[in-house]
Amino acid sequence: MTSRSVTLIDVARAAGVSKSTASNALGGAGRVSETTRRHVRNIAQELGYRPNTAARSLRRSSTGAIGLYLPRTGTRLDYYMKLAFGAVERAREDGLDVVLLGPHTASGGGLASRVDGLLVIDPDIADPFVPDLLDADVPVVTGERYLGGGAAPSGAVVCDNAASLTALLDHLAERGARRPALLAPGSGSDWAAALHAAADTWSRRKDVEVTVRTVPFAATPAQADAATTDLIATVPDLDAVVCAPDGAVPGVLAAAVRAGLRTGADLLVAACVDGAAARGTHPQVTAVDLRAAEYGQACAALLSDLLAGTAEPRTVRRHDWTLNIRGSTTARS
């Protein structure tokens, strides 16, 4: 069999896998185990298979658009809107349009299969549409890692969220906090899992218990209010609350006011995401600035580099954060 006669179907049959699995294994995309990927590539090399680069270019570069998939509840949050605009701005520099994908367009026959590449932000293992996105036959960049099984995406942009929460807890301890609490989602996303792990590590290192209450990924102020009210009622000497979900921190402040606690003095309040909600309160709330617009730009830049062949598959790039200290943690003497 000559190299010109070997097709992808020939490789798939010889390797004992489906055509789509063979395509994903050779193209560095999709949910394919590393063992299968190596096996298919070895078979392809033995058979002398050469990909049809013209067909690949036609398939993957004809739309001039990339897809952006946000968490299902993310479109109402300030953080994700800034991230989306950042991605659009960066993609435009490379002549790419950005298509916002809803849950039903993320499945195999939807728009996700008709774009040149995908950005999947904060993928959660409970989201049933994420596996289809990762299985698309196009490069996929995730904003934070995916904790589900299967092969890794083509690339990722990650932030050291454990370090940011550690810095926040250290700041609260320096301001006198001895009984802090954390409102955080369950550990289905890389971001939330890092917060839980960091809180546990910090507790053991400092010998200071961090009480953790689980709230929804996109908790509302009312949900944060209810969780904080419960903390005030059940945790003796509670003196600090860190609110992880974007936009929910006003609920923490409302619960403190109702309990007669002065924010920044009786109760220190901080947030893991610096957004309009943290800046628009009185006092303004100390928060971790994840630089959402720049994060979106970084994700789009990596995907563009992968599409252009100037970045290697499995590239992971780091994204920086800053801690903005404000009145909600500085009034205590």
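S.K.: Got a minute to help me understand the environment of Gly-186 in this structure?
M.R.: Structurally, Gly-186 can be placed in the loop between β6 (180-184) and α8 (190-206). Apart from the residues lying within four places of it in its own chain, the contact partners of Gly-186 are Ala-192, His-196, Thr-214 and Val-215.

S.K.: It is not clear to me how the side chain of Arg-326 should be interpreted in this structure. Could you clarify?
M.R.: Its place among the elements puts Arg-326 in the segment after β12 (322-324). Residue Arg-326 is classed as buried on the basis of its relative accessible area of 14%. Beyond its immediate stretch of four places on either side in the chain, Arg-326 contacts Asp-274, Ala-278, Arg-279, Gln-284, Val-285, Thr-286 and Ala-287.

S.K.: I tried to follow the sheet that holds strand β1 (residues 65-69) on my own but got confused; where do I start?
M.R.: Strand pairing in a sheet relies on backbone hydrogen bonds, with the paired strands running either antiparallel or parallel. Taken in spatial order, the six strands of this open sheet run β2-β1-β3-β4-β5-β11, and their pairing is parallel. Of all strands in the sheet, those with a lone pairing partner are β2 (97-101) and β11 (315-319), marking the two edges. Direction aside, the axes of adjacent strands within the sheet are offset by 20° on average. Sheet analysis places strand β3 (residues 117-121) next to strand β4 (residues 140-143), joined by four bridges and oriented parallel.

S.K.: Quick question: what am I supposed to make of the side chain of Glu-144 here?
M.R.: Here Glu-144 lies in the loop between β4 and β5 (155-159). In this structure, Glu-144 is buried with no salt-bridge partner, the nearest side chain bearing the opposite charge being Arg-145 at 5.8 Å. Only 3.2 Å separates the side chain of Glu-144 from the backbone nitrogen of Cys-159, close enough to count as a polar contact.

S.K.: What should I look at first to understand the pairing of strand β7 (residues 211-214) in this one?
M.R.: The sheet contact formed by β6 and β7 spans four bridges and is parallel. Across the sheet, Ala-181 pairs through a bridge with Thr-211, a residue of β7. A crossover connection joins β6 to the parallel β7 through α8; in handedness this β-α-β unit is right-handed.

S.K.: Is there a simple way to think about the packing of aromatic side chains in this case?
M.R.: Pairs of aromatic rings are described using the distance from one ring centre to the other and the angle between the two planes. Inspection of every chain in the model, using the stated rule, returns two aromatic pairs. Judged by centre distance (5.0 Å) and plane angle (80°), the ring pair of Tyr-79 and Tyr-80 falls under edge-to-face. A residue is classified by how much of its surface remains accessible, and Tyr-79, at 9% relative accessible area, is buried. Look at Trp-191 and Phe-217: their rings are 5.6 Å apart centre to centre, the planes differ by 75°, and that puts the pair in the edge-to-face class. Here Phe-217 lies in the loop between β7 and α9 (221-234) and Trp-191 lies in helix α8, a separation of 26 residues in the sequence. Of the two residues examined, Trp-191 and Phe-217, each falls in the buried class.

S.K.: Is there a simple way to explain the sheet that holds β7 in this structure?
M.R.: Reading across the sheet, the six strands line up as β7-β6-β8-β9-β10-β12 and stay open at both edges, with mixed pairing between neighbours. Two strands lie at the open edges of the sheet, namely β7 and β12, each paired on one side alone. Taking the axes of each pair of neighbouring strands and ignoring which way they run, one obtains an average angle of 20° across the sheet. Where strand β10 (residues 286-289) lies against β12, three bridges are found, and the strand directions are antiparallel. Looking at β12, one finds that Asp-289 is bridged to Thr-322. Its contacts with the sheet place α8 against β6 and β7, and it is angled at close to 165° to β6. Where helix α10 (residues 249-258) meets the sheet, it contacts β6, β8 (240-243) and β9 (268-271), and its direction lies at approximately 170° from that of β9.

About the criteria used
Residues numbered from 1 in each chain as written. Predicted model: local features only at pLDDT ≥ 70, side-chain atom pairs only at ≥ 80, totals over all residues. Heavy atoms only, no water. Helix = DSSP H or I, 4+ residues; strand = E, 2+ residues; numbered from the N terminus. Contact = heavy atoms within 4.5 Å. Buried < 20%, exposed > 50% of the residue type's maximum accessible area, 1.4 Å probe, protein only. Pairing = 2+ DSSP bridges. Axes fitted to C-alpha atoms, helices over the stretch in contact; angles between N-to-C directions. Lys, Arg positive; Asp, Glu negative; His and termini not counted. Salt bridge = Lys/Arg side-chain N within 4 Å of Asp/Glu carboxyl O. Polar contact = N/O pair within 3.5 Å; in protein donor to acceptor, adjacent residues only side chain to side chain. Right-handed = clockwise from strand over helix to strand, strands pointing away. Phe/Tyr/Trp six-rings, centres within 6.5 Å; stacked < 30°, edge-to-face > 60°.

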